[in-house]
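For reference, the chains in residue letters:
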Amino acid sequence: SRAQKRMLIVQELAPVSTAYVETIAIAAHSNVNSKQLLLELAHIHPIIESQISFSEEIQDYVTRFVDITISSQTYSEQKLSSLAKAREYLRTHKPVISLIDSPLVKLECIRTKEETIMALHVHHIIVDDITLVSLSTTMDAIVNGNCESLKPQEIDYDKFVEFHEQYLRSDTVQ
């Protein structure tokens, strides 16, 4: 969209800015396979598998979906001495998320003596407030063992985009 292109331009002007990075933090009340969490989230919310690249063919930015993998770009672990330090860390640290040819999400597993916190950092270019709430609900269900009610979205995001583009070209909108 045009709004996303503007956001991309602003981010490229300030490439180390974290202004557009949104964070969801969930306390894990059980032992969680933190790396598997990211893969499960991607299965249910394929939007987090988005990547932006520049197409030489059409001379414009395009969004494509790639299988998410566990790497230093998408996952990290922190060990902190207390829950208070973890909360302070979350308030003061957001990862820089590069927009071009990079994953637009990063999962952090923050371990303390008292608790484990799973923090999902997502660039705002692929999420809105409703998507953040949905991701948060899904993440909480997976982390805390309530995943029976979860299922992948009924419509794939790419099919939704295609449907929306057709609607915008329809006689109703024109």
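As the structure is a computational prediction, the values presented were derived from the model and not from experiment.

Engineer: Got a minute to help me understand the overall build of the chain in this structure?
Structural biologist: In terms of helices and strands, the chain carries five helices and six strands. Along the chain, from the amino end to the carboxyl end, the secondary structure elements read α-β-α-β-β-β-α-β-β-α-α. At 17 Å, the chain has a C-alpha radius of gyration in line with the 16 Å of a compact globule built from 174 residues. Along the three orthogonal principal directions, the C-alpha set of the chain runs to about 60 × 40 × 25 Å. Per-residue burial for the chain yields a buried fraction of 38% across its 174 residues. Taking as baseline every contact in the chain between residues at least 6 positions apart, the subset at least 24 positions apart corresponds to 69%. As presented, the chain carries roughly 10500 Å² of accessible surface, and 51% of it is formed by carbon and sulfur atoms. Taken together, the 16 basic and 24 acidic charged side chains of the chain have centroids lying 8 Å from each other.

Engineer: What's the story with the side chain of Glu115 in this structure? I'm lost.
Structural biologist: Structurally, Glu115 can be placed in the loop between strand E5 (105-111) and strand E6 (116-123). At 5.2 Å, Arg87 is the nearest oppositely charged side chain to Glu115, a buried residue that forms no salt bridge. With residues up to four places along the chain from it excluded, the contact list for Glu115 reads Ala27, Ala28, His29, Leu83 and Ile110.

Engineer: I'm lost on helix H2 (residues 34-44) in this one. Help?
Structural biologist: An α-helical segment advances 3.6 residues per turn. Residues three or four places apart therefore align on the same side. Along H2, the residues that are buried comprise Ser34, Leu37, Leu38, Leu41, Ala42 and Ile44. Projected down its long axis, H2 shows its buried positions confined to an angular sector of 165 degrees, all on one face. Considering only its buried residues, H2 is in contact with strand E4 (75-79), E5, E6 and helix H4 (129-143).

Engineer: In this structure, what is going on with the packing of aromatic side chains? I would like to understand it.
Structural biologist: Note on aromatic pairs: each is described by the distance of the centres and the angle between the planes. Tallied over the full model, the rule gives one aromatic pair. Their ring planes at 75 degrees and their centres at 5.2 Å tell us that Phe54 and Tyr61 sit as a pair that is edge-to-face. For Tyr61, a relative accessible area of 33% gives the class partly exposed.

Engineer: It is not clear to me how the side chain of Thr116 should be interpreted in this structure. Could you clarify?
Structural biologist: Following the sequence through the fold, Thr116 ends up in strand E6. Overall, Thr116 belongs to the buried group, its relative accessible area being 18%. If we skip the residues at most four places from it in the chain, Thr116 touches Ile26, Ala27, Ala28, Cys109, Ile110 and Arg111.

Engineer: Any chance you could explain the pairing of strand E2 (residues 50-55) here in plain terms?
Structural biologist: Along any regular strand the residues' side chains alternate between the sheet's two faces. For E2, the buried fraction is high: five of the six residues fall into the buried class. By the bridge criterion, six bridges tie E2 to strand E3 (residues 60-65) in an arrangement that is antiparallel. Residue pairing for E3: Ile52 is matched across the bridge by Thr63. Taken together, E2 and the strand that follows it, E3, pair antiparallel across an intervening segment of four residues, in which Gln59 is found at a positive phi of about 55 degrees.

Rules used in this analysis
Residues numbered from 1 in each chain as written. Predicted model: local features only at pLDDT ≥ 70, side-chain atom pairs only at ≥ 80, totals over all residues. Heavy atoms only, no water. Helix = DSSP H or I, 4+ residues; strand = E, 2+ residues; numbered from the N terminus. Rg over C-alpha atoms; globule rule 2.2 N^0.38 Å. Buried < 20%, exposed > 50% of the residue type's maximum accessible area, 1.4 Å probe, protein only. Contact = heavy atoms within 4.5 Å. Areas by Shrake-Rupley, 256 points an atom, 1.4 Å probe, with all protein chains shown as cover. Lys, Arg positive; Asp, Glu negative; His and termini not counted. Charge placed at Lys NZ, Arg CZ, Asp CG, Glu CD. Salt bridge = Lys/Arg side-chain N within 4 Å of Asp/Glu carboxyl O. Arc of directions from axis to C-beta. Phe/Tyr/Trp six-rings, centres within 6.5 Å; stacked < 30°, edge-to-face > 60°. Pairing = 2+ DSSP bridges.

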